[in-house]
Amino acid sequence: MKILVINAGSSSIKFKLLEMPSEILHCEGMVERIGAKNALLKYSKGDKHLEATMEVLTHKVALEKITGYLLDREIGVISDTREIDAVGHRVVHGGNRYSKTTLIDREVKDQIREFSPLAPLHNPHNLEGILMTEQVFPMAKQVAVFDTAFHQTMPVKARKYAIPNVFYAHHGIQAYGFHGTSHKYVSERAMDYMKHPKAKLVTIHLGNGCSITAVSGGKSMAHSLGFAPSNGLIMGSRSGDIDHSIIFYMVEGLGYSLKEVNRILTNESGMLGLTGNGDLRDIEARAENGDAECILALEMNAYRIKKYIGAYAAVMNGLDAIVFTAGIGENSSKIRKLVCCDMEYLGIVLNNASNNSRSKDLREIQTDHSKVKVLVIPTKEELEIAKQAYQLLV
Ligand code: AMP
């Protein structure tokens, strides 16, 4: 079964075409800067890589360009759009309604639209991706895989905020959780690898967006992102946890508008706000050269992660493994070392040599006498989406 996985964002569409269940990757790529005259198209098939810059003003045009590559006689992988059996869509917000991957019909589209105010930067574009692929691949089954679905198992005590009940009961204000596809994928891989289906895990997704989940017996029990993807860990440009009275002080005491405060906390904070740079590779390089701001920012980042590991070990009454994943989690031995130092009390002891290994596979990086395993597991969100779509359709 050929499954096209689509991740449609505000100005980009990423895609992968996978054969399922063999998991063979036919091709992958993305269109970036949709809406601009100099949009960037990237396409890879095996060891062939293409890049082109051109005007792509709408998501529909972007999808047509992608389809053009898929059908191309030389570098394409299909000869007819009917060869695509299904399209798996990443949809960020499924509210409380969707705890599972779902076949898309009119009602599902209406619901995704209804949840748009809860994820204004994501859901409208996810929906547009769906509407466009329905036109381009009318014969394919369309499947939605929700970022929030994995966290539907969080108990009410973990998801409800201590504000008047009416906001929970009538306005949907609660912690929903995000990055669910990634946390699900790496936690399942960890449980398989450890041959321990009841394992108590803390999965740590560190990319541009960052989040951490307590997973017990395969179920999400607690998670750092809340009502929107802004709470919790320090991210590339998002602050993560702050005292909400700061927002009132910025508005009432310092004269910022609410819109400006939102922009500051979302786009100008986190590692970017602390160092002037949102890319961890640059921050690490500057820290190596003694830059005090960068050294402190890395320490703050790791300190926040440590706090959550401790909290989640307490929540689960135990800890069998912590799992690092995504761009930073998979690649930054520095952050992993800062997080894992002085954690003997919790049973976490890092092996520095294994931590520094550059292997790209699942690996253990703790010492032999560490009670808790420390795993690095590359996340494969697109593969997880394809897997879930396949399981739904067979
Ligand atoms: P993602 O959102 O998963 O693509 O991750 C993006 C983040 O991963 C960026 O902050 C990058 O700086 C970071 N990253 C990617 N490669 C490395 C690396 N080799 N060392 C440190 N950070 C990295």
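A. Focus on the pairing of strand E11 (residues 219-223). Note that strand E10 (residues 210-216) and E11 share four bridges and pair antiparallel. By the bridge assignment, Ser-216 is partnered in E11 with Lys-219. Hairpin connection of E10 to E11: two residues between the antiparallel strands, including Gly-217 at a positive phi of 55°.

B. Spotlight on the environment of Val-87. Mapped onto the fold, Val-87 is located in strand E6 (residues 86-91). Along the chain, Val-87 and Leu-63 lie 24 residues apart, while their C-alpha atoms are 12 Å from each other. Apart from residues no more than four positions distant in its own chain, Val-87 is found in contact with Leu-4, Ile-6, Thr-133, Phe-137, Ala-140, Lys-141, Gln-142 and Val-143.

C. Region of the structure containing the nonpolar core. Core analysis: the biggest nonpolar cluster contains 42 residues, and Ile-309 and Ile-322 have the highest contact counts within it. Secondary-structure elements contributing two or more residues to this core are strand E9 (200-206), E10, helix H10 (280-288), helix H11 (292-316), strand E12 (321-325), helix H13 (333-340) and strand E14 (373-376). When residues in this core are grouped by element, the largest group, 10 residues, is from H11. If we ignore the near neighbours within four places in the chain, the residues touching Ile-322 are Val-202, Ile-204, Ile-309, Cys-340, Ile-348, Val-372, Lys-373, Val-374 and Leu-375.

Calculation criteria
Along each chain, the written sequence defines residue order, and numbers are assigned to residues from 1. Note on the predicted model: pLDDT of at least 70 is required for a residue's local features to be given, and 80 or more for side-chain atom pairs to be given and counted; whole-chain, interface and lining totals, by contrast, use all residues. Side-chain figures throughout are based on the complete set of non-hydrogen atoms in the structure, without hydrogens or water. Two strands form a pair only when DSSP identifies at least two bridges running between them. Strands are runs of DSSP state E lasting at least two residues, helices are runs of H or I lasting at least four, and both sets are numbered from the N terminus onward. Any two residues whose heavy atoms approach within 4.5 Å at even a single point are treated as in contact. The definition of a nonpolar core used throughout is a set of buried Ala, Val, Leu, Ile, Met, Phe, Trp, Tyr and Cys residues joined through side-chain atoms within 4.5 Å. Three labels apply to residues, based on accessible area from a 1.4 Å probe with only protein chains included: buried if under 20% of the type maximum, exposed if over 50%, partly exposed otherwise in between.

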